[in-house]
Amino acid sequence: MNRTVIVPTNSPVSSLRSSTGVKKVALIQNISEQLFAYMHFSSYLKPYGHSCEVFLENYENDMMTALKEYDPDIIGFQCLTGNLHFGEPILREYKKYNPNCLTVMGGAHPTYIPSVACKEGIDAAVTGEAEGAFLDICNQWDGKLDSIRKIENVCTYDGDKLIKNPERNVVN
């Protein structure tokens, strides 16, 4: 599948761009229906200078090959309990291939059970509304988990201890 990545160079919100550089974000999904959350995230991140591509299982000949070719800095997965079996192995496998890539799970499953979402191969979970948290993750990720540990709505592990940060105010 050919992809075109458009990163705005003259964004009206350029002052809010990442101090750690533009991030390449891959969002993976296995549901053939259009997930508006993914489209929303992509359109939300691009004005801040980040590139974002959605990888859909049914349209990729080989998901892992497609991800390796794109070479993302961050991979995100919107997890409903029923599709955990799809995203979790991909995040883990890619993390083994590229340990510097941040793997993030969001959605209903990690919101209600964050301890299940943050495990080997999955660096962070986003709980609740994710737009602001995911943008903060993209802006602050510098290759070290400490760079995102204090972001609201983000859960990570520090050793065996789950760190669940407070949730930010709901967007109205």
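Scroll up to find the structure.
Residues numbered from 1 in each chain as written. Predicted model: local features only at pLDDT ≥ 70, side-chain atom pairs only at ≥ 80, totals over all residues. Heavy atoms only, no water.

> Teacher, can you tell me more about the pattern of salt bridges here?
Think of it this way: side chains of opposite charge can pair up when their charged atoms draw near. Throughout the structure, instances matching the rule amount to 5 salt bridges. For E167, the salt bridge identified is with K164, shortest N-O distance 3.5 Å. Overall, E167 belongs to the partly exposed group, its relative accessible area being 39%. For K164, a relative accessible area of 41% puts it in the partly exposed group. (Salt bridge = Lys/Arg side-chain N within 4 Å of Asp/Glu carboxyl O. Buried < 20%, exposed > 50% of the residue type's maximum accessible area, 1.4 Å probe, protein only.)

> Looking at this structure, I do not really get the packing of aromatic side chains. What am I missing?
Aromatic ring pairs are reported here in terms of the distance separating the ring centres and the angle at which the planes meet. This structure, assessed with the given rule, holds 3 aromatic pairs. A cation over a ring is seen here: K24 above Y70, with NZ or CZ 4.6 Å from the ring centre. The ring of Y97 carries K68 above its face, with NZ or CZ at 4.6 Å from the centroid. (Phe/Tyr/Trp six-rings, centres within 6.5 Å; stacked < 30°, edge-to-face > 60°. Lys NZ or Arg CZ within 6 Å of the ring centre and 35° of its normal.)

> Any chance you could explain the nonpolar core here in plain terms?
Most often, soluble globular proteins have nonpolar side chains that are buried together. The biggest cluster of nonpolar side chains holds 41 residues, and the ones touching the most others in it are I28, L67, I74, F134 and I137. What L67 contacts, discounting residues up to four positions off in sequence, is A26, I28, F55, P72, I75, I90 and Y94. (Core = buried A, V, L, I, M, F, W, Y, C linked by side-chain atoms within 4.5 Å. Contact = heavy atoms within 4.5 Å.)

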